[in-house]
Amino acid sequence: LYACSSSDSVSEDIDNSSGTTNYDITPILSKFDGVSGVSYAINGNVVTFTTNNLPDHKSPYWGTGNSNYEAYNGTNPNWNQNPNTIASQNITFQIPLNPIAAATKTNTSLGPMGIALNGVAFYNQYAGPNNQPLTNEINSFDQYLGHPQNTGQYHYHQEPTYITAQKGKDAFLGLLADGFPVYGPEENGGTVTSADLDVYHGHTSATADFPNGIYHYHITADDPYINGSAFYGTPGNITQ
């Protein structure tokens, strides 16, 4: 397990020959230290995360015999539990330590596209199997806005409210597979909407973790929620 001290600062260099900004996300990895079911290791310019993908919070999807079971107590009057139950997974993300903008963008696909701070997978804005809108699937999201698919893989399409309740609405929430960080639905004291972001659902500005600025995604309350159909950078490999 690789760990960085909290005093490390994030570095940023400009490649004057190409005008490309080269970021180093190594120091932010320490935010994953101590997360149950998650480990990471650095090999060259790649960090490999392995996660069992089990949420660190209660849910009706744990099943009534599980100590983490909690009946739905959210605010959606149309909530309807899907038939699936949370099950341990083995997901590996190989993520670049020095993310850069991709000349050719890669579309996100159904299934994991990133890892949240608690080890749970981020999914895109579509429901399976044919990139359908989330309109109906949203009604099966539990009180923390996640749910499991048919193999028990729990995931977030929207704001992971258990994490933002703990860390704050402007906090670092995880990484997408291209290495760029994901932040919450607030910035500089205001609410972020999709209209404030580019077509990939991000922008470049300073954050608490990257005071010199970095491209980053924001989770918003409106579609596409986390990512606008394609990665800003080049994604690494995801296996499961």
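Now for a quick tour of the structure.

What counts, and where the lines are drawn
- Within any chain, residue numbers begin from 1 and follow the written order of that chain's sequence.
- Reporting in this predicted model follows two pLDDT cut-offs: at least 70 for local features of residues, and 80 or more for side-chain atom pairs to be given and counted; totals over whole chains, interfaces and linings ignore these cut-offs and use all residues.
- For side-chain calculations, the full set of non-hydrogen atoms in the structure is used, while hydrogens and water are omitted.
- Stacked, tilted and edge-to-face pairs are distinguished by plane angle, under 30 degrees for stacked and over 60 for edge-to-face with tilted covering the rest, among Phe, Tyr and Trp rings (Trp via its six-membered ring) whose centres lie within 6.5 Å.
- Secondary structure elements are taken from DSSP: a helix is a run of H or I of four residues or more, a strand is a run of E of two residues or more, and numbering for both begins at the N terminus.
- For each residue, the accessible area found with a 1.4 Å probe, counting protein chains only, is set against the maximum for its type, and the residue is called buried under 20%, exposed over 50%, and partly exposed in between.
- Contacts described as polar in this section are N or O atom pairs within 3.5 Å, which, within protein, must combine one atom able to donate a hydrogen with one able to accept it, while residues neighboring in sequence count only if both atoms come from side chains.
- Residue contacts are counted whenever heavy atoms from the two residues lie within 4.5 Å of one another.
- In the sections that follow, a salt bridge refers to a side-chain nitrogen of Lys or Arg positioned within 4 Å of a carboxyl oxygen of Asp or Glu.

In this section: the packing of aromatic side chains. For any pair of aromatic rings, the description consists of the separation of the ring centres together with the inter-plane angle of the planes. Tallied over the full model, the rule gives 13 aromatic pairs. For the ring pair Phe180 and Tyr215, a centre distance of 5.4 Å and an interplane angle of 75° mean the geometry is edge-to-face. Pair noted here: Phe180 is in the loop between strand E12 (172-176) and strand E13 (181-183) and Tyr215 is in strand E17 (residues 214-218), with a separation of 35 residues, a long-range link. In this structure Phe180 comes out as buried when scored by relative accessible area, which is 1%. Using a relative accessible area of 2% as the deciding quantity, one classes Tyr215 as buried. Residues Phe180 and Tyr232 carry aromatic rings whose centres are separated by 5.4 Å and whose planes lie at 70° to one another, so their mutual orientation is edge-to-face.

A separate point is the side chain of Asn124. By the element assignment, Asn124 lies in the loop between strand E7 (121-122) and strand E8 (126-127). In terms of polar contacts, Asn124 uses its side chain to reach the side chain of Thr108, at 3.1 Å. Beyond its immediate chain neighbours, meaning those up to four positions away, Asn124 contacts Thr108, Ser109, Leu110, Met113, Leu134 and His157.

Take the pattern of salt bridges next. Two side chains of opposite charge can pair, provided their charged atoms sit close to one another. For the structure shown, the criterion picks out 2 salt bridges. Put simply, Lys31 and Asp209 hold a salt bridge, and the shortest N to O gap is 3.3 Å. With Lys31 in the loop between strand E2 (20-23) and strand E3 (38-43) and Asp209 in the loop between strand E16 (202-205) and E17, this pair connects stretches of sequence that are 178 residues apart. For Asp209, a relative accessible area of 18% translates into the label buried. Put simply, Glu159 and Lys169 hold a salt bridge, and the shortest N to O gap is 2.7 Å. One end of the pair, Glu159, is in the loop between strand E11 (154-156) and helix H1 (161-167); the other, Lys169, is in the loop between H1 and E12, with 10 residues separating them in the sequence. A relative accessible area of 12% means that Glu159 is categorised as buried. The partly exposed category is assigned to Lys169, whose relative accessible area is 34%.

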